[in-house]
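Descriptive analysis of the structure
Given next are the chains, with one letter for each unit.
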Amino acid sequence: MPALLRAEDGRTVPPGRYFRMHMVGYFEGIASERGIAWRCSDSISLRDFLRLESREKVPDHSWLSKTRGRLPHEVHERVFGWVLKLVAEQGLVKGKRIGLDASTMEANAALRTIVRRDDGRTYREMLTQMAKESGIDTPTVDELVRIDRARKGKKLSNEEWTSKTDPEAKIAKLKDGRTHLAYKPEHAVDLDSGIIVAAALHPADQGDTATIMGTLSAAKNTLGQISAAPTKSEPSELVADKGYHSRAVLKELDGGLWKTRIAEPKQPGFSRWHGDDKARAAVYANRTRLGSAVGRLAMRRRSEIVERSFAHTLDRGGMRRTWLRGCENVQKRYLVHVAGHNLGILMRLLIGAGTPKETAARSRAYLLFLYTEPAVAIILVAASPDGFAIQAMAVLAEPA
């Protein structure tokens, strides 16, 4: 990792400032890097946080973009791991119960820019050609809409369409029901504290059963850095919803590092195993663990804690829509974002507030006026979680 990086005006800038500025983006809920640079320029306290001299300029958004390209993905993982060690030192990472879930993140690309993989035609060009084949030489917008509604086999498949601006973004349905180009963030969360121990970014068209192994591998590696990795003799509980339930997944995880409590979807009739005794044993063992009192409590805990991690990082943290392109770029930013989430939990433990704004809101100031005939007394009382300060001033009617 380079000791210094060069800005646009030739100044050398420490790379730690890059990570600090992105932490500001998380705590302030700012999605774009232009907004982060503007916010840091507008606040004296944030300038102190970035360790800027009085006349030193805040690095602009282009410096953030270039720095992200120069710093490899491994450096961002090391920063995430360093923050995880900080919270582990305070006993916030148990590693005994891990909740798993995924969400969607809107990509910085529009559906109207997608093109066909076979011939590079846009969606509008395809409809125009269909109109000409039906006898309409110069179709209007309304005619194109009617042709689009009437055509058979209408669908947007990632096998047939891709984005010119961000080829790694995939067509998917977002959490609010809209169809858009998106990415799929997946969290492995310590259910005892809410700390995110792994945050992986996957293509949005991959199902949960296809991405679970990659996220579990990342969780195992990060837990190993703080001596909390699961072993076959002491496996960790894996709690997930029914999207992760499949015979292949349960069979692969059975008897390994993870003791599964994965919700099972309701199926009509009886299951047929076709001689696959290992899959049957794994499914029945998971069902037994899921139906216990401990399993029901773990599922309720998962629905609360894991969903909260997405609410903090994506919704309140401003990452529900990314302004970057390319899976690697987005994942670099997202790792720093998740590190900020973990720092917020550590701050709440140490000072009772999870964000700087919440800390400032906890402070109170009172201005008191005491009036008498010979003088007026003005008393300022400032209170904070750490203590209070009093300043008094008297104004005499007749100077002594």
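Computed from a predicted model, the values in this text were never measured in an experiment. The numbers attached to residues start from 1 for each chain and follow its sequence in the written order. Local features in this predicted model are restricted to residues of pLDDT 70 or higher, and side-chain atom pairs are both shown and tallied only at a pLDDT of 80 or more, whereas totals for entire chains, interfaces and linings draw on every residue. Excluded from the side-chain calculations are hydrogens and water; all other atoms, namely the structure's heavy atoms, are used.

**Quick look at the overall build of the protein**
Tallying secondary structure elements over the protein gives 13 helices and 14 strands in all. Residue burial in the protein is summarised as follows: out of 400 residues, 44% are buried. Note on contacts: a residue pair is in contact if any heavy atoms of the two residues lie within 4.5 Å. Considering only residue pairs separated by 6 or more positions, the protein has 64% of its internal contacts joining residues 24 or more positions apart. Here the Shrake-Rupley method, with its probe set to 1.4 Å, supplies the accessible areas, and only the displayed protein chains count as covering residues. Per element, the accessible surface of the protein, about 21,700 Å² overall, is 53% carbon and sulfur. Strands here are runs of E lasting at least two residues and helices are runs of H or I lasting at least four, both read from the DSSP assignment and numbered beginning at the N terminus. When accessible area is computed with a 1.4 Å probe and restricted to protein chains, residues below 20% of their type maximum are described as buried, those above 50% as exposed, and intermediate ones as partly exposed.

**Concerning the confidence of the model for the protein**
Values of pLDDT, which run from 0 to 100, indicate the predictor's confidence residue by residue. On average, residues of the protein carry a pLDDT of 87, and 90% of them reach 70 or more. Across the protein, the secondary-structure element scoring lowest on mean pLDDT is strand β1 (residues 5-6), at 60, and the one scoring highest is strand β3 (residues 97-102), at 96.

**Section: the packing of aromatic side chains**
Between the rings of Phe, Tyr and Trp (Trp by its six-membered ring), a pair exists once the centres lie within 6.5 Å; its type follows the angle of the planes, with under 30 degrees stacked, over 60 edge-to-face, and the other angles tilted. This model, assessed by the stated rule, comprises four aromatic pairs. Centre to centre, the rings of Tyr18 and Phe19 are 4.9 Å apart; their planes meet at 80°, and the pair counts as edge-to-face. Residues Tyr26 and Phe27 carry aromatic rings whose centres are separated by 5.0 Å and whose planes lie at 70° to one another, so their mutual orientation is edge-to-face. Taken as a pair, Tyr26 and Phe27 share a single burial class, namely buried. We call a charge positioned over a ring when the NZ of a Lys or the CZ of an Arg lies within 6 Å of the ring centre and within 35 degrees of the ring normal. Over the aromatic face of Trp161 sits the side chain of Arg116, whose NZ or CZ is 5.2 Å from the ring centroid. For the cation-ring pair, Arg247 lies above Trp273, with the distance from its terminal atom to the ring centre recorded as 4.0 Å.

**Topic: a nonpolar patch on the surface**
A cluster of nonpolar side chains, namely Leu349, Leu350 and Ile351, defines an oily patch on the protein surface of about 280 Å² accessible area. One can find Ile351 in helix α12 (residues 327-351). Taking relative accessible area as the criterion, Ile351 reaches 43% and is therefore assigned partly exposed. What goes into a patch is any residue over 30% in relative accessible area without a salt bridge, connected to like charges within 9 Å or, for nonpolar side chains (Val, Leu, Ile, Met, Phe, Trp, Tyr), within 5 Å. In what follows, salt bridge is the name for a side-chain nitrogen of Lys or Arg lying within 4 Å of a carboxyl oxygen of Asp or Glu.

**With respect to the packing of helix α5 (residues 73-89) against α12**
Taken N-terminus to C-terminus, the directions of α5 and α12 make an angle of 10°; their axes are 9 Å apart at the nearest point. On the basis of the axis angle, α5 is roughly parallel to α12. Every residue of α12 that contacts α5 at His73, His76, Glu77, Phe80, Val83, Leu84, Leu86 and Val87 is listed here: Glu328, Gln331, Lys332, Leu335, Val336, Val338, Ala339, Asn342, Leu343 and Leu346. Think of it as three bins: nonpolar holds Ala, Val, Leu, Ile, Met, Phe, Trp, Tyr, Cys and Pro, charged holds Asp, Glu, Lys and Arg, and polar takes everything else, Gly as well. Its residues assigned to classes, the contact of α5 with α12 shows eleven nonpolar, four polar and three charged. To get an axis, a line is fitted to the C-alpha atoms, and for a helix only the part in contact is used. The angle between two axes follows their N-to-C directions and goes from 0 to 180 degrees. The scheme is simple: roughly parallel for angles under 35 degrees, roughly antiparallel for over 145, roughly perpendicular for 65 to 115, oblique for anything else.

**Describing the environment of Arg321**
The residue Arg321 is located in the loop between α11 (293-316) and α12 in this model. For Arg321 and Thr104, which are 217 residues apart along the polypeptide, the C-alpha to C-alpha distance reads 9.1 Å. Here Arg321 is in contact with Ala31, Glu106, Ala107 and Asn108, once residues within four sequence places are set aside. Here Asn108 takes part through its side chain, which lies 3.3 Å from a polar atom of the side chain of Arg321. N or O atoms within 3.5 Å of each other form a polar contact, as long as, within protein, one can give a hydrogen and the other can take it, and as long as residues adjacent in sequence are counted only when both atoms are side-chain atoms.

**A few points about the nonpolar core**
Definition of nonpolar core: a set of buried residues of the types Ala, Val, Leu, Ile, Met, Phe, Trp, Tyr and Cys, connected through side-chain atoms within 4.5 Å. If you look at the biggest cluster of nonpolar residues, it comprises 58 residues, and the most contacted ones within it are Phe19, Met21, Cys40, Met105, Leu181, Tyr183 and Tyr334. By residue number, the principal contributor to this core is α12, which donates seven residues. Non-local contacts of Met21, meaning those with residues more than four positions away in its chain, are made with Ile36, Ala37, Cys40, Leu50, Val58, Pro59, Trp63 and Leu64. Core analysis: the next-biggest nonpolar cluster, separate from the first, contains 31 residues, Val87, Ala188, Leu223 and Leu250 among them.

**Re the side chain of Thr222**
Within the secondary structure, Thr222 is located in helix α8 (residues 208-225). We classify Thr222 as buried; its relative accessible area is 11%. With sequence-adjacent residues up to four places away left out, Thr222 is seen in contact with Phe80, Leu84, Val197 and Ala198.

**Comments concerning unusual backbone geometry**
Positive phi values are uncommon outside glycine, yet Arg51 reaches one of about 60°. Looking at the secondary structure, you find Arg51 in the loop between α3 (44-49) and α4 (61-70). You can call Arg51 exposed: its relative accessible area is 61%. Within the chain, Ser227 stands out as a residue other than glycine whose phi angle is a positive 60°. Following the sequence through the fold, Ser227 ends up in the loop between α8 and β10 (236-240). Judged by its relative accessible area of 75%, Ser227 is exposed.

**Side note on α8**
With 18 residues, α8 should reach 26 Å at 1.5 Å per residue; the first-to-last C-alpha distance of 26 Å fits that figure. Those residues of α8 lying buried are Asp208, Thr211, Ile212, Thr215, Leu216, Ala219, Thr222 and Leu223. All buried residues of α8 project into a common sector of 145° when viewed along the axis, lining one side. Ser227 lies just past α8 and shows a positive phi near 60°. Expected span of a helix: the number of residues minus one, times 1.5 Å. Our arc is simply the arc of the directions from the helix axis toward the C-beta atoms.

**A short note on the pairing of strand β7 (residues 170-173)**
Two faces make up the sheet, and in a regular strand the side chains alternate between them. Any two strands with at least two DSSP-identified bridges between them are counted as paired. Across four bridges, the pairing between β7 and strand β8 (residues 179-190) is antiparallel. Each bridged residue has a counterpart across the sheet, and for Lys170 the counterpart in β8 is Ala182. The hairpin turn running from β7 into β8, its antiparallel successor, is five residues long, and Gly177 in that turn takes a positive phi close to 95°.

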